[in-house]
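Residues per chain, in single letters:
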Amino acid sequence: MSGTHAIRRPGSAEPAGGGPFDLLLVPPNPRTGWRVLPARVVAMCVVELQKLRHDRTELYTRAVQPALWLLIFGETFTRIKAIPTGGIPYIDFLAPGIIAQSAMFIAIFYGIMIIWERDAGILTKLLVTPTPRSALISGKAFASGVKALIQAAVVIVIATVLGVAMTWNPLKLLGVAVAVVLGSAFFSCLSITIAGIVLTRDRLMGIGQAITMPLFFASNALYPVAIMPGWLRAISLVNPLTYQVDALRGLLLGTPSHLLLDYGVLAFAAVLGITAASSLLGRLAR
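Residues numbered from 1 in each chain as written. Predicted model: local features only at pLDDT ≥ 70, side-chain atom pairs only at ≥ 80, totals over all residues. Heavy atoms only, no water.

## Concerning the pattern of salt bridges
Test applied: Each salt bridge in this description consists of a side-chain nitrogen of Lys or Arg and a carboxyl oxygen of Asp or Glu lying within 4 Å of one another. Numbering of helices and strands runs from the N terminus, with a helix taken as a DSSP run of H or I at least four residues long and a strand as a DSSP run of E at least two residues long. For every residue, the accessible area (1.4 Å probe, protein chains only) is compared with the maximum for its type, and the residue is labelled buried under 20%, exposed over 50%, or partly exposed between those bounds.
All told, the structure shown has three salt bridges when counted by the stated rule. Here Lys 140 makes a salt bridge to Glu 117, at a shortest N to O gap of 2.8 Å. Taken together, the residues Lys 140 in helix α8 (residues 133-161) and Glu 117 in helix α6 (residues 110-119) connect sequence positions 23 residues apart. In this structure, Lys 140 and Glu 117 share a single accessibility class: buried. Among the ionic pairs, Asp 119 bridges to Arg 118, the shortest N-O distance being 3.0 Å. Through salt bridges that share partners, Arg 118, Asp 119 and Arg 201 make up one connected network.

Written as structure tokens, this is what we have:
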């Protein structure tokens with residue numbers, strides 16, 4: 001009869017208000033406020049790392065170059081004692097620099113991946129989601145940092161086998177991880193920024209190859225800043241890789257370092273890189 005309420009039968013499967021079936025009918029409350037950005041950064045980072053499950057070749061091939069640096073360059077210059085290193089063997093001095101170098105080499109070509117995602121139509125789909133562009137970039141940046149941590153662990157194992165005396169203090173190793181992630185975040189964002197300017201893989205490959213070795217040689221990875229000529233020392237002071245190596249060397253070897261300055265510069269560089277890459281992401285997707 002119209003105008004009368006339907007009576008729920010005792011045996012009906014219709015849930016009563018406040019019952020356990022409410023979880024099936026009412027979606028969970030979405031994250032709001034300050035929790036949105038971190039959750040989406042973590043989600044994008046996990047998505048990037050899932051790619052390693054399908055292809056781990058990159059991790060294996062990337063380990064060859066740092067091994068050669070330590071085995072050939074490090075062992076040779078340790079014997080000839082051509083570079084003053086403050087009383088520590090040259091191979092010990094070199095190991096933190098190779099960790100930073102291998103992390104940079106992984107991150108500096110990260111823009112190629114985002115160009116591939118644009119060509120495949122993935123980037124356009126990501127940009128129409130509610131996820132902020134800064135979260136997309138941050139997720140990719142910190143995913144490159146996690147990949148660099150795996151590379152750093154490989155270098156540390158190789159250096160230990162070669163007799164390099166490094167610390168195993170958990171707090172210092174945590175500091176090493178933070179320095180590696182921050183440095184990788186900056187260089188991956190630098191690569192994405194360049195990708196947003198040049199727009200093609202070929203141009204990005206050319207520019208990436210043109211700047212990686214100058215960044216490496218214009219740092220303290222191979223030799224102390226004190227023995228550099230004045231013009232090279234000036235460049236090294238604005239090179240984030242210098243501060244990353246200084247932090248790694250101080251933590252792993254116990255040499256004099258400026259950790260507060262090092263972490264401050266790396267954090268500022270990472271934020272600056274994320275900001276620049278986020279601003280050019282829309283141009284890359286056009």
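## With respect to the nonpolar core
Our working rule: Put simply, buried Ala, Val, Leu, Ile, Met, Phe, Trp, Tyr and Cys residues joined by side-chain atoms within 4.5 Å make one nonpolar core. In this analysis, two residues are considered to be in contact whenever any of their non-hydrogen atoms come within 4.5 Å of each other.
If you look at the biggest cluster of nonpolar residues, it comprises 63 residues, and the most contacted ones within it are Leu 70, Ile 99, Ile 114, Val 180 and Phe 216. Put simply, the parts of the chain that give this core at least two residues each are α4 (64-80), α5 (90-107), α6, α8, α9 (170-198), α10 (201-217), α12 (240-253) and α13 (259-285). Leu 70 has contacts with Glu 75, Ile 91, Leu 94, Ala 95, Ile 98, Val 155, Ile 158, Ala 159 and Leu 162, leaving out every residue within four places of it along the chain.

## Digging into a nonpolar patch on the surface
Put simply, the rule is: Residues enter a patch when their relative accessible area is above 30% and they make no salt bridge; the linking distance is 9 Å between like charges and 5 Å between nonpolar side chains (Val, Leu, Ile, Met, Phe, Trp, Tyr). A 1.4 Å probe and the Shrake-Rupley method give the accessible areas. Residues count as covered only by the protein chains that appear here.
Taken together, the side chains of Val 64, Leu 68, Leu 71 and Ile 72 define a hydrophobic patch exposed on the protein surface, amounting to about 360 Å² of accessible area. Note on placement: Ile 72 falls in helix α4.

Purely spatial values, then, with no claim about function.
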